[in-house]
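# Residue-level structural notes
Chain residues, written in single-letter form:
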Amino acid sequence: FISNSQAYMAGLVAAANYSDSGLVQISNVSVQGVILLKKSPSLRSPVIALGGVAAYLGAGASISQSFSDVDIINLDDTVSMVVSGGIAASSNGSVLRSYAKGSISGVFNNAGGIVGFNAGHGFGQVINCYSFVSILGLKDSSRTSYAGGLIGVDYPGSVVSTSYAAGLIADA
């Protein structure tokens, strides 16, 4: 079972530059498929990150010229924090010249077509990206949820430039 403060699931890389030191470059990749999180008594992590290419993108890490066509589905409503993104779930790094399509559905806190949670303070860049990701959230009155066609939550100091989103966002 997974018993940790955070658990990462992704189509390609769970955590790129987890220690936020050095450089990690992911480029010219294509990911297709399904990422499914089912309710499981053996999963005891309060934070889950589900990303099309990477679940966590640390400072100094980048994803460029890449494509994701992934359906991300969360069926576990017992996890306290779920972050999902078509390219990266949580990012302190850079997503450049990349695009995503597919869907994010289920219970989540932060969901974005490109990045679910984009850090600020000089980190977290989304430049020349586009998204055709549909985000379909299930109602859960106990959660504050953020869904964005491009970014779910974007903190001050991040950079978002020359990017767009054209997917459906709905509360199921």
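Residues numbered from 1 in each chain as written. Predicted model: local features only at pLDDT ≥ 70, side-chain atom pairs only at ≥ 80, totals over all residues. Heavy atoms only, no water.

A separate point is the packing of aromatic side chains. Throughout the structure, instances matching the rule amount to seven aromatic pairs. Measuring from centroid to centroid gives 4.8 Å for tyrosine 99 and tyrosine 130, while their planes differ by 10°, and the two rings are stacked. Separated by 31 residues along the polypeptide, tyrosine 99 in strand S12 (residues 99-106) and tyrosine 130 in strand S16 (residues 130-137) bring together distant segments of the chain. By relative accessible area, which is 30% here, tyrosine 99 ends up partly exposed. Relative accessible area serves as the criterion here: at 27%, tyrosine 130 is assigned to the partly exposed category. (Phe/Tyr/Trp six-rings, centres within 6.5 Å; stacked < 30°, edge-to-face > 60°. Helix = DSSP H or I, 4+ residues; strand = E, 2+ residues; numbered from the N terminus. Buried < 20%, exposed > 50% of the residue type's maximum accessible area, 1.4 Å probe, protein only.)

Relative to strand S8 (residues 67-74), strand S4 (residues 30-37) runs parallel, the two sharing eight bridges. Opposite glutamine 32, over in S8, you have aspartate 69 as the bridge partner. Direction of pairing for S8 relative to S12: parallel, over a ladder of eight bridges. Residue pairing in the sheet places valine 70 in a bridge with glycine 102 of S12. (Pairing = 2+ DSSP bridges.)

In this section: the nonpolar core. Ile48, Leu50, Leu57, Ile63, Ile87, Val95 and Ile114 are the most contacted members of the largest nonpolar core, which totals 32 residues. Of all the secondary structure elements, the ones that give two or more residues to this core are S4, strand S5 (47-51), strand S6 (54-57), strand S7 (61-64), S8, S12 and S16. Of the residues forming this core, the biggest block, three residues, is contributed by S4. When residues no more than four places from it in sequence are discounted, the contact partners of leucine 50 are Met9, Ile35, Leu37, Ile72, Asn74, Val82, Val83, Ser84, Gly85 and Ala89. (Core = buried A, V, L, I, M, F, W, Y, C linked by side-chain atoms within 4.5 Å. Contact = heavy atoms within 4.5 Å.)

What follows covers the sheet that holds strand S14 (residues 115-118). With parallel pairing, the five strands of this open sheet are ordered in space as S2-S6-S10-S14-S18. In this open sheet, the two strands that pair with only one neighbour each are strand S2 (13-16) and strand S18 (151-154). Direction aside, the axes of adjacent strands within the sheet are offset by 5° on average. For S2 and S6, the ladder comprises three bridges, and the chain directions are parallel. Note on S6: the bridge partner recorded for alanine 16 is leucine 57. (Axes fitted to C-alpha atoms, helices over the stretch in contact; angles between N-to-C directions.)

Examined against the element boundaries, asparagine 17 turns out to sit in the loop between S2 and strand S3 (24-27). Among the polar contacts made by the side chain of asparagine 17, one reaches the main-chain carbonyl oxygen of alanine 59 at a distance of 2.5 Å. (Polar contact = N/O pair within 3.5 Å; in protein donor to acceptor, adjacent residues only side chain to side chain.)

So, on to the sheet that holds S3. Judged by pairing direction, the sheet is parallel, and its five strands sit side by side in the order S3-S7-S11-S15-S19 without closing on themselves. Of all the strands in the sheet, just S3 and strand S19 (159-161) have a single pairing partner and so form its edges. Strand-to-strand, the axes of this sheet are offset by a mean angle of 10°, without reference to chain direction. With three bridges connecting them, strand S15 (residues 125-127) and S19 associate as parallel partners. Each residue of the ladder has a partner; that of isoleucine 127, found in S19, is serine 161.

Next up on the list: the pairing of S16. The side-chain alternation of S16 yields one buried face, formed by Ser131, Val133, Ile135 and Gly137, and one unburied face, formed by Tyr130, Phe132, Ser134 and Leu136. As paired strands, S12 and S16 are joined by eight bridges and run parallel to one another. Directly across from serine 103, in S16, lies its bridge partner serine 134. As defined by bridge partners, S16 adjoins strand S20 (residues 164-165) across two bridges and the pair is classed as parallel.

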